[in-house]
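Commentary on secondary and tertiary structure
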There are 2 protein chains.
Amino acid sequence: MRVYNFSAGPACLPEAVLKKAQEELVIYGNSGMSVMEMSHRSADFEEIIHRAERDLRTLMNISDDYSVLFLQGGASLQFAMVPLNLMTRHRRAYYVNTGMWSKKAIAEAKKVGEVIVPASSEDRTFSYIPELNADMFKGGADYVHITPNNTIYGTRYTKLPDTGGLPIVADMSSCILSEVINVNDYGLIYAGAQKNIGPAGLTVVIIRKDLIGRAPANIPTMLDYKTHADNGSLYNTPPTYAIYIAGLVFEHLLKNGGVPAMQKLNEQKAKLLYDYLDSSSLFKGTAEKKDRSLMNVPFVTGSEELDKKFIARCKEEGIVNIKGHRSVGGMRASIYNAMPIEGVKKLIEVMKDFEKNA
Amino acid sequence: MRVYNFSAGPACLPEAVLKKAQEELVIYGNSGMSVMEMSHRSADFEEIIHRAERDLRTLMNISDDYSVLFLQGGASLQFAMVPLNLMTRHRRAYYVNTGMWSKKAIAEAKKVGEVIVPASSEDRTFSYIPELNADMFKGGADYVHITPNNTIYGTRYTKLPDTGGLPIVADMSSCILSEVINVNDYGLIYAGAQKNIGPAGLTVVIIRKDLIGRAPANIPTMLDYKTHADNGSLYNTPPTYAIYIAGLVFEHLLKNGGVPAMQKLNEQKAKLLYDYLDSSSLFKGTAEKKDRSLMNVPFVTGSEELDKKFIARCKEEGIVNIKGHRSVGGMRASIYNAMPIEGVKKLIEVMKDFEKNA
């Protein structure tokens with residue numbers, strides 16, 4: 001029996017996608033082989049990667065002004081690639097600090113140039129998104145880096161900062177495809193696949209074309225966005241099977257109403273859970289209400305012992321990976337696109353029952 | 001129906017592995033979820049990655065003096081990581097040039113330090129392995145880089161050079177696990193998974209522990225071997241599903257006699273094909289006999305038109321991806337571990353029939 005998997009990532013995938021992948025795992029279509037066995041230069045695989053890109057462009061309404069890249073290394077490698085490629089004119093960039101992943105991005109950028117942190121929410125365990133205003137971004141800089149959704153702390157930006165024209169670089173690992181955005185508001189979007197896109201080992205980068213080709217000549221070839229943009233993500237062997245699964249997810253999303261439908265469902269799921277948290281006398285959400293994430297919902301009982309008991313109870317009920325990150329404690333329900341509303345309802349049911357008997 | 005897939009990579013995988021992966025794709029064991037959905041910090045996945053490492057250590061007889069790393073980015077990223085991590089004392093390294101992949105490795109290393117090419121086989125389209133002797137490696141240097149098997153040109157080293165104690169760094173992408181080697185002869189071995197290990201998107205690095213920790217402080221965290229060695233390849237989210245499939249391949253190899261049995265089978269398969277090539281009046285192998293690869297067998301008819309006809313004929317017979325690399329032309333049969341001897345026999349049968357009627 002399948003469980004309700006509230007993991008922060010790698011995370012649950014649509015069951016329909018897994019079943020389709022299972023069906024064609026040994027032989028894909030008329031190819032006589034598994035997708036895992038296909039040359040990345042074969043017509044069959046080229047169709048898979050082109051369709052995946054086309055569907056992602058449709059889903060996010062990505063214009064021809066942007067390149068879509070399928071890379072490896074996760075957001076962690078993007079923390080280095082972004083400054084190595086973009087922090088090359090002013091040698092300075094703004095990084096808003098809203099959590100552990102922002103901090104890791106900052107640490108890598110500092111190896112390349114000057115990092116200015118105009119605002120941080122570290123003073124209250126990153127439980128909110130700091131106010132940002134145009135005055136904060138006045139000096140010359142190459143870009144402004146933000147983390148629109150903070151997986152660990154359950155916060156999200158509800159509006160974009162006015163950067164006075166500086167390109168916004170956004171780590172959307174835990175929120176891509178979860179709500180409608182305007183890609184044109186960004187210079188570069190990156191996301192590890194393992195939350196809303198597909199299996200781990202694939203990173204999606206959406207980059208405005210004028211930002212490609214700014215890297216210094218001595219950058220490792222594999223770290224230069226231009227290498228991958230010029231070769232349609234086929235400079236070297238890409239993570240072919242992960243791209244195939246991502247393509248199935250994109251197809252599944254398109255069939256089910258695209259990002260607007262996902263957003264509606266995600267808002268419903270989040271509202272159910274937050275409404276219950278706000279009414280509960282036992283469980284409390286840890287993020288500030290105004291900045292609550294639609295994807296990651298951390299909450300606590302206030303007692304480590306009760307937290308433990310609750311997590312054990314969840315497991316008995318087929319609810320897994322609900323333990324919170326060590327820096328926040330308690331519980332965290334990651335309710336990405338593929339988490340069905342039934343999973344959220346089941347969780348709330350167990351919470352209510354636990355509260356009654358606590 | 002499954003075809004005989006002679007692709008140079010991604011390449012055929014053992015059918016038994018694919019079938020097992022298919023069986024447990026939607027639900028793995030008692031986990032209630034797909035391996036693709038598992039947190040990389042979960043007990044289930046930790047068991048998968050630890051078993052994969054343990055089995056690889058058994059297969060290759062890797063001692064505790066070496067770390068085994070599961071990384072991303074393919075050999076192409078290793079071309080940069082190797083010099084960034086290791087070319088740090090003498091800032092100089094030797095690179096033997098035996099083909100296109102050696103050249104790419106050289107180009108990346110030149111961005112980091114001084115590259116000395118003591119020998120090259122470029123004068124005759126890389127159709128042989130140049131003679132190497134200890135005098136070639138006399139100056140101070142950090143390592144000697146070689147490409148033991150050359151996928152495009154079908155050559156392989158039959159003995160290791162005497163480097164006078166300099167660590168040997170070897171790109172074994174297309175020969176790892178195909179024949180018995182002594183890991184202790186190497187400082188660092190790297191291999192993209194997509195030939196003898198598993199799906200694309202996984203890179204295996206086997207590094208002698210004293211070579212870890214030599215990178216400069218400003219190296220991107222993700223490019224430092226120490227990052228991954230210190231964290232058991234779990235610094236960030238690794239390519240979890242690719243590691244799982246690699247683990248299934250390792251298990252399959254162990255069950256079937258390990259690397260010695262593979263070597264025997266690979267020698268049989270290669271001998272069948274080379275013996276036929278040497279007897280044929282139509283088809284000719286392009287690599288020098290003394291340096292012939294066990295994994296990649298390039299051959300030509302001498303007529304582009306006949307080559308084309310032959311490739312088309314193969315396709316009709318369920319033999320695919322037999323077209324040679326553009327730099328050699330003609331055909332190339334990649335006969336990695338997972339290519340059954342029946343596939344090689346079938347190919348020879350078709351070659352014989354084609355020759356008779358040509």
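All residue numbers refer to position in the chain's written sequence, counted from 1. Naming scheme: in the order in which they are written, chains are lettered from A and ligands are numbered from 1. Reporting in this predicted model follows two pLDDT cut-offs: at least 70 for local features of residues, and 80 or more for side-chain atom pairs to be given and counted; totals over whole chains, interfaces and linings ignore these cut-offs and use all residues. Values shown for side chains rest on all heavy atoms present in the structure; no hydrogens or waters enter the calculation.

Glancing now at the overall build of chain A. Helix and strand counts for chain A stand at nine helices and 14 strands. Expected size for 358 residues packed as a compact globule is a radius of gyration near 21 Å; at 21 Å, chain A falls within 12% of this value. When the backbone C-alpha atoms are referred to their principal axes, chain A occupies close to 65 × 60 × 30 Å. The proportion of buried residues among the 358 residues of chain A is 63%. The helix and strand labels rest on DSSP assignments: H or I over at least four residues marks a helix, E over at least two residues marks a strand, and numbering proceeds from the N terminus. We compute the radius of gyration from the C-alpha atoms alone; for a globule the expected value is 2.2 Å times N to the 0.38, where N is the number of residues. Note on classification: 1.4 Å probe, protein chains only; a residue is buried when its accessible area is under 20% of the maximum for its type, exposed when over 50%, partly exposed between these limits.

Glancing now at the side chain of S173 of chain A. Residue and element names in this part refer to chain A. Tracing the chain through its elements places S173 in the loop between β8 (168-171) and β9 (188-192). On the accessibility criterion, S173 (9% relative accessible area) is buried. A 3.5 Å cut-off defines polar contacts: any pair of N or O atoms within that distance qualifies, except that in protein one atom must be a possible hydrogen donor and the other a possible acceptor, and neighbouring residues in sequence count only when both atoms are side-chain atoms. A polar contact of 2.8 Å, which involves the side chain of S173, links it to the side chain of D171.

Looking now at the packing of aromatic side chains. Only centres within 6.5 Å qualify two rings of Phe, Tyr or Trp (six-membered ring in Trp) as a pair; their planes then separate them into stacked at under 30 degrees, edge-to-face at over 60, and tilted for everything else. Applying the stated rule across the entire model yields 27 aromatic pairs over all chains. Here the aromatic rings of Y28 of chain A and Y244 of chain A are separated by 5.9 Å at their centres, their planes lie at 90°, and the arrangement is edge-to-face. Taken together, the residues span a long stretch of sequence, with Y28 of chain A in the loop between α1 (15-23) and α2 (43-60) and Y244 of chain A in helix α6 (residues 240-255) at a distance of 216 residues. Y244 of chain A shares its class with Y28 of chain A; the two are buried. Among the aromatic residues, ring-to-ring pairing joins Y28, Y241 and Y244 of chain A together with Y28, Y241 and Y244 of chain B into one connected group. Only Lys NZ and Arg CZ are tested; either one counts as a charge over a ring when it is within 6 Å of the ring centre and within 35 degrees of the ring normal. Over the ring of Y128 of chain A we find R124 of chain A, and its NZ or CZ is 4.2 Å from the ring centre.

Take the relation of the copies chain B and chain A next. Least-squares fitting of chain B to chain A yields an RMSD of 0.0 Å, with the transformation described by 0.0 Å of translation along the axis and a rotation of 180°. Here the copies are linked by what is in effect a two-fold axis. When each C-alpha of chain B is compared by its distance to the rotation axis, Q22 of chain B comes out closest, at 2.7 Å. Residues count as neighbours in contact if any of their non-hydrogen atoms are within 4.5 Å of one another. A high fraction, 100%, of the interface residues of chain B reappear at the interface in chain A, so the copies pair face to face through one surface. Least squares is used to superpose the copies, and the fit set is the C-alpha atoms of residues whose pLDDT is at least 70 in both copies.

Residue and element names in this part refer to chain B. When you tally the buried positions in strand β2 (residues 66-71), you get six out of six residues, the bulk of the element. Of the two faces of β2, the one carrying Y66, V68 and F70 and the one carrying S67, L69 and L71 are both buried. Think of it this way: DSSP has to see at least two bridges between two strands before they count as a pair. When β2 meets strand β10 (residues 203-208), the two strands line up antiparallel, connected through six bridges. When the bridges of β10 are listed, L71 appears paired with T203.

Right, let's talk about the interface of chain B and chain A for a bit. Counting residues at the interface gives 58 residues for chain B, matched by 58 residues for chain A. Only one rule defines a salt bridge in this text: a Lys or Arg side-chain nitrogen within 4 Å of an Asp or Glu carboxyl oxygen. Counting every contact that joins chain B to chain A gives two salt bridges. Note that R2 of chain A is salt-bridged to E37 of chain B, the shortest N-O span being 2.8 Å. Our count for the contact surface shared by chain B and chain A stands at 25 residue pairs in polar contact (both at pLDDT 80 or more). Counting residues per element, the ones that place at least two in the side of chain B that touches chain A are α1 (15-23), α3 (74-86), α4 (100-110) and α6 (240-255) of chain B.

So, about unusual backbone geometry. The omega angle of the peptide bond from G9 of chain A to P10 of chain A is -10°, so this bond is cis rather than trans. Turning to its location among the elements, P10 of chain A is positioned in the loop between β1 (4-5) and α1. Phi is positive for N321 of chain A, which is not a glycine, with a value near 60°. You can see N321 of chain A is positioned in the loop between β13 (319-320) and β14 (331-334). Take N321 of chain A: its relative accessible area is 29%, and that puts it in the partly exposed class. In this structure, T125 of chain B takes a positive phi of about 45° despite not being glycine. Relative to the helices and strands, T125 of chain B is located in the loop between β4 (114-116) and β5 (144-146).

Residues and elements named next belong to chain A. By the definition in use, this model includes 48 salt bridges over all chains. Here K138 makes a salt bridge to D135, at a shortest N to O gap of 3.3 Å. Each of D123, R124, E288, K290 and D291 takes part in salt bridges that share partners, so that together they form one network.

Residues and elements named next belong to chain A. Across the sheet, which stays open at both edges, the three strands sit in the order β11-β12-β14 with antiparallel pairing between neighbours. Edge positions in the sheet fall to β11 (284-285) and β14, since each of these pairs with one other strand and no more. As a rule, the C-alpha atoms of each element are fitted with a line to give its axis, helices using only the stretch in contact, and angles between N-to-C directions run from 0 to 180 degrees. Helix α7 (residues 258-279) rests against β11, β12 (296-300) and β14 of the sheet, and its axis sits at about 15° to β12.

What follows deals with the nonpolar core. If you look at the biggest cluster of nonpolar residues, it comprises 189 residues, and the most contacted ones within it are Y241 of chain A together with Y241 of chain B. If we ignore the near neighbours within four places in the chain, the residues touching Y241 of chain B are L25, M36 and Y241 of chain A together with A21, L25, V35 and M36 of chain B. In terms of nonpolar packing, the next biggest core, distinct from the first, is built from 59 residues, L77, V112, I207 and I212 of chain A among them. Note on terminology: a nonpolar core comprises buried Ala, Val, Leu, Ile, Met, Phe, Trp, Tyr and Cys residues joined through side-chain atoms within 4.5 Å.

Positionally, A52 of chain A belongs in helix α2. In sequence terms A52 of chain A and M33 of chain A are 19 residues apart; their C-alpha atoms lie 20 Å from each other.

Residue and element names in this part refer to chain B. Given a rise of 1.5 Å per residue, 22 residues ought to cover 32 Å, and the 32 Å separating the end C-alpha atoms of helix α7 (residues 258-279) matches this to within 8%. Of all the positions in α7, only G258, V259, M262, Q263, N266, K269, A270, L273, Y274, Y276 and L277 are classed as buried. Contacts from the buried residues of α7 go to α2 (43-60), α6, β11 (284-285), β12 (296-300), β14 (331-334) and α9 (341-357). Expected span of a helix: the number of residues minus one, times 1.5 Å.

Quick look at the packing of α7 of chain A against helix α9 (residues 341-357) of chain A now. To describe two helices that pack against each other, one gives the angle between their axes and the distance between the axes. Residue and element names in this part refer to chain A. Direction vectors running N to C along α7 and α9 enclose 5°, while the axes themselves pass 10 Å from each other. Taken together, the axes of α7 and α9 lie roughly parallel to each other. On α9, the residues touching L265, Q268, K269, L272, L273, Y276 and L277 of α7 are I341, V344, K345, L347, I348, M351, K352 and E355. Gly is put with the polar residues, along with every residue not named as nonpolar or charged; the nonpolar set is Ala, Val, Leu, Ile, Met, Phe, Trp, Tyr, Cys and Pro, and the charged set is Asp, Glu, Lys and Arg. Considered class by class, the residues forming the contact of α7 with α9 number 10 nonpolar, one polar and four charged. If an angle is under 35 degrees, it is roughly parallel; if it is over 145, roughly antiparallel; if it lies from 65 to 115, roughly perpendicular; otherwise it is oblique.

Okay, the domain arrangement of chain A next. All names here are of chain A. Start and end points for every domain follow an automatic or database-based domain assignment. Here chain A is described as being made up of domain 1 (16-255) and domain 2 (258-357). The distance between the C-alpha centroids of domain 1 and domain 2 comes to 27 Å. Across the contact, 26 residues belong to domain 1 and 24 residues belong to domain 2. For the pair domain 1 and domain 2, the summed buried surface comes to about 2100 Å²; carbon and sulfur atoms form 52% of the total. At the junction of domain 1 with domain 2, the criterion picks out one salt bridge. Note that R124 is salt-bridged to E288, the shortest N-O span being 2.5 Å. On inspection of domain 1 and its partner domain 2, the count reaches 15 residue pairs in polar contact (both at pLDDT 80 or more). In this description, buried area is defined as the sum, over both parts, of the accessible area (probe of 1.4 Å) that is lost when the two are combined.

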